[in-house]
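# Fold and geometry: a report
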Amino acid sequence: MIQIYRQPRECASRLPLVIGIFEGEEIKIDAPIDGEIAELMKKGYLPAKQGELHKIYTFGKIPNEVVYLVGLGKRSEHSRAKIAEGCGKITFELGEDLLIDLTSFAGDFGEEETAGIIVETLAYNNYRFDYHRSEKSEKELRVGLISAGDLSSVIAKAMAIGVAVNNARDLVNQPYNYMTAADLADYARELVAGLNNDNLSIRIYEKDEIAEMGMNAFLAVNKGSAAGPKLIHIKYQPQDGPFIGLVGKGLMYDTGGYSLKTSMNTMKCDMAGAATVLAVLEAAVKNNLPVNLQVVICATDNRIDGGALLPDDIITAMNGKTIEIISTDAEGRLTLADAICFAQKQGCVNVVDIATLTGAVVVALGSDVTGLFGNDEKEVAAMIAASKEAREEFWQLPINESIRKKVRSSKVADLKNSTGRNMGASSAAAFLEEFVEDGTKWLHLDIAGTAFHESGATGIAVKTIYHYLKAKV
Ligand code: BES
Ligand code: MN
Ligand code: ZN
């Protein structure tokens, strides 16, 4: 648990005080210790390089018993990322009650922006997934941000984003036996109920209703599963006008199906796209973003039994296009194809899909850069700009005629669901593009490399999409 409040500057306090310091600059904390600290700095005992942390005991000279100095590097190189990096040092380990001198971290950035970054970063860094551990971390971190201005709204908004990101991480970290399609649907229902907003509604479609709508690409993936599929559909309409559709891949577990994965560890993360869109909705509603949103998630696992989908099978998607199954492990694009069709049918004129879609994007961009595709360069540029605001790395990848041709090269159906290793991330994107109607502005985020690291779920893309939406108002 973490709690952040604003602390007026004039309040004396015994609590530990955290201060950011720049290289080669004197610091002013309080007259009784400033001279001695300046002396220590001059002698080189307190380097201000990025990543340094110094603990200073004040022995009654000032009310704060301890001062932590956090190195921020050179002022001329200061950035939003460096504020966040400096905050990386501020954890439970420094004590459960801390005060942060906001202006010392700000450099030339504004207090409000700095406060937002600090709140988001502290929420992120003090996250733990101890749901299944006998020993849970009972620690609470209470942080006062020392500032002159009233920051309550900034803090609340940034905290809503931080909490949403951590909720996404919880959903992804939860293994399949605690997070089936039905569990995710229950979570979504509770989330919507908890947000308690008149402009918000949810509907969960069951298997027979999904079949009635002709979503046979989605159902094909579910054929080998012991658990039923769930189509989660949330609408948020704070104003008149068209909707932006947020479509999240909700593969609760991906074994590969009969094209079985040789190693499937960590494939509980294959619903990270779904977790992301639920978290974006949560933050958008809590912070009253005036944008009309729909969340669409086709939730199922990809498993094997006597009824499971087979390679060579031919299926018909919601929009009537037929698909030859080359690999049952290219299942995400099948569920997304129908989800994208559904979103458009429901009135979405912008569609953003988020998916742990291909191993190929990991080969291309690694684990810190999200692959971005789209059919509208303005929207692509807007998403890239939002990723910079959110301090997350996104990179555009191409869809070209040669890969479109390959996706359409089946001898027995309209499309193939896999075209082999080459250009794999683009091939998946080109496949999805077949389900985007004329006039729909579409973006596709492949988070296969960025959603889940050795340390667990990252919550990637929640902040970027939030900023993308915020920039639209
Ligand atoms: N869920 C996987 C992609 C993935 C890979 C997610 C690594 C997270 C980390 C996806 O369903 C998949 O299996 N993709 C195949 C597609 C191939 C068969 C065309 C892949 O990338 O190997
Ligand atoms: Mn797969
Ligand atoms: Zn998958």
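Residues numbered from 1 in each chain as written. Chains lettered and ligands numbered in written order. Predicted model: local features only at pLDDT ≥ 70, side-chain atom pairs only at ≥ 80, totals over all residues. Heavy atoms only, no water.

## Structural notes on the coordination of the manganese ion (ligand 2)
The manganese ion (ligand 2) binds to the protein through Asp 254 (OD), Asp 329 (O), Asp 329 (OD) and Glu 331 (OE); the donor distances cover 2.1 to 2.2 Å. Relative to the metal, the 6 donor atoms surrounding the manganese ion (ligand 2) lie at angles of 70 to 167°, and the coordination shape comes out irregular. Each donor residue of the manganese ion (ligand 2) lies on one chain, and together they are spaced D-x74-D-x1-E. (Donors = N, O, S within 2.8 Å, 3.2 Å for Na, K, Ca; no water. Tetrahedral: all angles 85-135°; square planar, octahedral: opposite > 155°, others 65-115°.)

## Observations regarding the sheet that holds strand S2 (residues 17–21)
Reading across from one edge, S1-S6-S5-S2-S4-S3 is the order of the 6 strands in this open sheet, with mixed pairing throughout. Looking at strand neighbours, the two that pair on one side only are strand S1 (2–8) and strand S3 (53–57), the edges of this open sheet. Direction aside, neighbouring strands of the sheet carry axes that sit 25° apart on average. For S3 and strand S4 (residues 66–71), the ladder comprises 5 bridges, and the chain directions are antiparallel. Residue pairing for S4: Leu 53 is matched across the bridge by Val 70. (Pairing = 2+ DSSP bridges. Helix = DSSP H or I, 4+ residues; strand = E, 2+ residues; numbered from the N terminus. Axes fitted to C-alpha atoms, helices over the stretch in contact; angles between N-to-C directions.)

## Examining the coordination of the zinc ion (ligand 3)
Note on the zinc ion (ligand 3): its protein donors are Lys 249 (NZ), Asp 254 (OD), Asp 270 (OD) and Glu 331 (OE). The metal-donor distances range over 2.0 to 2.4 Å. For the zinc ion (ligand 3), the 6 donor atoms are set out with angles of 77 to 175° between them, so the coordination reads as octahedral. Metal-to-metal, the separation of the zinc ion (ligand 3) and the manganese ion (ligand 2) is 3.2 Å; Asp 254 coordinates the two. Summarising the burial analysis for this pair, Lys 249 and Asp 254 share the class buried. (Buried < 20%, exposed > 50% of the residue type's maximum accessible area, 1.4 Å probe, protein only.)

## As for the environment of Lys 261
Relative to the helices and strands, Lys 261 is located in the loop between strand S9 (243–254) and helix H9 (272–286). In this view, Lys 261 contacts Asp 254, Thr 255, Gly 256, Met 267 and Asp 329; residues no more than four positions away in its chain are not counted. A polar side-chain atom of Lys 261 sits 2.9 Å from a polar atom in the side chain of Asp 329. (Contact = heavy atoms within 4.5 Å. Polar contact = N/O pair within 3.5 Å; in protein donor to acceptor, adjacent residues only side chain to side chain.)

## Describing the sheet that holds strand S11 (residues 314–316)
Spatial ordering of the open sheet is given by S11-S12-S16, a layout of 3 strands whose pairing is mixed. Two strands in the sheet have a free side with no partner beyond their single neighbour: S11 and strand S16 (415–416).

## Here's the deal with the pattern of salt bridges
Applying the stated rule across the entire model yields 25 salt bridges. When the shortest N-O distance is used, the salt bridge between Asp 254 and Lys 261 registers 3.8 Å. The two residues Asp 254 and Lys 261 agree in class, both being buried. The salt bridge partner of Asp 301 is Arg 303, with a shortest N-O separation of 3.4 Å. Classification of Asp 301 by relative accessible area gives buried; the value is 1%. Residue Arg 303 is classed as partly exposed on the basis of its relative accessible area of 33%. Connected through salt bridges with shared partners, the residues Glu 25, Arg 75 and Asp 108 form a single ionic network. (Salt bridge = Lys/Arg side-chain N within 4 Å of Asp/Glu carboxyl O.)

## Considerations on the domain arrangement of the protein
The domains assigned to the protein are domain 1 (2–150) and domain 2 (169–470). In this structure, domain 1 and domain 2 have C-alpha centres spaced 39 Å apart. Together, the buried faces of domain 1 and domain 2 total about 1,000 Å²; carbon and sulfur atoms form 49% of this surface. Taken together, the links from domain 1 to domain 2 amount to 2 salt bridges. Here domain 1 and domain 2 share 6 residue pairs in polar contact (both at pLDDT 80 or more) between them. (Domains from an automatic or database assignment. Buried area = accessible area lost by both parts, 1.4 Å probe.)

## Focus on the packing of aromatic side chains
Tallied over the entire structure, the rule returns 4 aromatic pairs. A ring pair is formed by Tyr 205 and Phe 342, whose centres lie 5.6 Å apart and whose planes are at 80°; its orientation type is edge-to-face. Linking Tyr 205 in strand S7 (residues 200–205) with Phe 342 in helix H10 (residues 332–345), this pair joins segments that are 137 residues apart in sequence. When the ring of Phe 431 is compared with that of Phe 435, the centres are 5.3 Å apart and the planes differ by 45°; the resulting orientation is tilted. Exposure class is identical for Phe 431 and Phe 435. Each is buried. Against the face of Tyr 124 rests Arg 169, its NZ or CZ located 3.8 Å from the ring centre. (Phe/Tyr/Trp six-rings, centres within 6.5 Å; stacked < 30°, edge-to-face > 60°. Lys NZ or Arg CZ within 6 Å of the ring centre and 35° of its normal.)

## What about the nonpolar core?
Residues Leu 184, Leu 246 and Leu 469 are the most contacted members of the largest nonpolar core, which totals 65 residues. Sorting elements by how many residues they give to this core places H9 first, with 11 residues. Among all residues touching Leu 184, those that are not within four sequence positions of it are Leu 171, Met 179, Ile 232, Met 252, Ala 274, Leu 278, Ile 297 and Ala 299. Judged by nonpolar contacts, the second largest core, of 50 residues, contains Ile 210, Val 351, Leu 415 and Ala 428. (Core = buried A, V, L, I, M, F, W, Y, C linked by side-chain atoms within 4.5 Å.)

## Some remarks on the pairing of strand S10 (residues 293–302)
In terms of burial, S10 is a largely internal element, 10 of the 10 residues being buried. In S10, alternate side chains face the same way, and those of Leu 293, Val 295, Ile 297, Ala 299 and Asp 301 on one face and Gln 294, Val 296, Cys 298, Thr 300 and Asn 302 on the other are all buried. With 7 bridges connecting them, strand S8 (residues 230–236) and S10 associate as antiparallel partners. From the neighbouring strand, His 233 faces S10, where its bridge partner is Val 296. Pairing analysis gives 9 bridges linking S9 to S10, with the strands arranged parallel.

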